[in-house]
Amino acid sequence: MSARLNSAQPYVLGLFRIVVGLLFAVHGAASLFGVLGGAAGTQGGAIPTGTWPGWYAAVIQLVAGGLVLLGLGTRGAALIASGSMAYAYFDVHQQAALWPIQNGGEPSVMFCWAFFLLVFTGSGAFGLDRLVARRPAADGRAATEHTPMAA
């Protein structure tokens with residue numbers, strides 16, 4: 001059973017990355033452009049351009065979420081996304097109460113840890129990172145492929 005699950009790991013990790021990246025990018029698009037219900041607290045509108053920290057967070061969400069979704073620069077984008085969600089939790093949510101269930105910070109915590117996981121696992125299957133890694137180097141040798149490690 002473990003061998004079967006381990007063989008599916010890169011594919012499930014790739015699907016996880018796609019879903020998390022899509023949700024994050026859509027959240028950023030809603031905040032920046034007022035689509036899909038808009039930003040929270042704006043009655044369906046967008047966050048005013050340049051507003052700290054909301055507008056900058058939305059840009060990070062859209063760009064980093066899109067990169068994670070595509071599996072392009074996954075580890076770096078996930079690190080930035082994870083850090084932005086840690087900042088959101090500790091700076092915005094934790095002022096209201098200690099626990100995420102009390103302060104509305106559950107999405108921030110979940111995104112923070114999901115992206116933190118992707119920093120260490122990489123993009124898994126279906127990512128553009130894998131295509132870039134397979135391109136031959138300038139000297140004609142194939143670049144080394146990085147595959148996710150099973151536990």
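Right, let's walk through the structure included here. (Residues numbered from 1 in each chain as written. Predicted model: local features only at pLDDT ≥ 70, side-chain atom pairs only at ≥ 80, totals over all residues. Heavy atoms only, no water.)

1. Focus: the overall build of the chain
Assigned secondary structure in the chain consists of 6 helices and 0 strands. The order of helices and strands in the chain, counted from the N terminus, is α-α-α-α-α-α. Per-residue burial for the chain yields a buried fraction of 34% across its 151 residues. Within the chain, residue pairs in contact and separated by at least 24 positions form 63% of the contacts whose partners lie at least 6 positions apart. On the chain, roughly 9200 Å² of surface is accessible, and the fraction owed to carbon and sulfur atoms is 70%. (Helix = DSSP H or I, 4+ residues; strand = E, 2+ residues; numbered from the N terminus. Buried < 20%, exposed > 50% of the residue type's maximum accessible area, 1.4 Å probe, protein only. Contact = heavy atoms within 4.5 Å. Areas by Shrake-Rupley, 256 points an atom, 1.4 Å probe, with all protein chains shown as cover.)

2. Details of the packing of aromatic side chains
The tally for this structure, following the rule as stated, stands at 10 aromatic pairs. A centroid spacing of 5.8 Å and a plane angle of 50° characterise the contact between Tyr 11 and Phe 126, whose relative ring orientation is tilted. Note that Tyr 11 is positioned in helix 1 (residues 2–33) and Phe 126 in the loop between helix 5 (106–121) and helix 6 (128–134), a separation of 115 residues in sequence. Residue class for Tyr 11 comes out partly exposed when judged on its relative accessible area of 46%. Ring plane angle 90° and centroid distance 5.1 Å describe the contact between Trp 55 and Tyr 56, whose orientation is recorded as edge-to-face. Exposure remark for Trp 55: the relative accessible area of 22% places this residue in the partly exposed category. (Phe/Tyr/Trp six-rings, centres within 6.5 Å; stacked < 30°, edge-to-face > 60°.)

3. Here we look at unusual backbone geometry
Residues Trp 52 and Pro 53 are joined by a peptide bond in cis, for which omega reads -5°. Residue placement: Pro 53 occurs in the loop between helix 1 and helix 2 (54–70). One non-glycine residue with positive phi stands out, namely Leu 36, at about 55°. Given the relative accessible area of 70%, Leu 36 is considered exposed. Despite not being glycine, Phe 126 shows a phi value in the positive range, around 70°.

4. Side note on the side chain of His 93
Turning to its location among the elements, His 93 is positioned in helix 3 (residues 74–93). Judged by relative accessible area, which is 18%, His 93 ranks as buried. Of note is the side chain of His 93, whose polar atom sits 3.4 Å from the side chain of Ser 108. Those residues within four positions of His 93 in sequence are excluded, and the remaining contacts are Ala 88, Asn 103, Gly 104, Gly 105 and Ser 108. (Polar contact = N/O pair within 3.5 Å; in protein donor to acceptor, adjacent residues only side chain to side chain.)

5. Some points on the nonpolar core
Counting residues in each nonpolar core, the largest one holds 16 residues, and the members touching the most others are Phe 24, Val 68, Ala 78, Met 85, Phe 111, Phe 115 and Leu 118. Every element with two or more residues in this core is listed here: helix 1, helix 2, helix 3 and helix 5. Examining the composition of this core, we find that 6 residues originate from one element, helix 5, more than from any other. Contacts of Phe 111, omitting those with residues within four sequence positions, involve Val 20, Leu 23, Phe 24 and Met 85. (Core = buried A, V, L, I, M, F, W, Y, C linked by side-chain atoms within 4.5 Å.)

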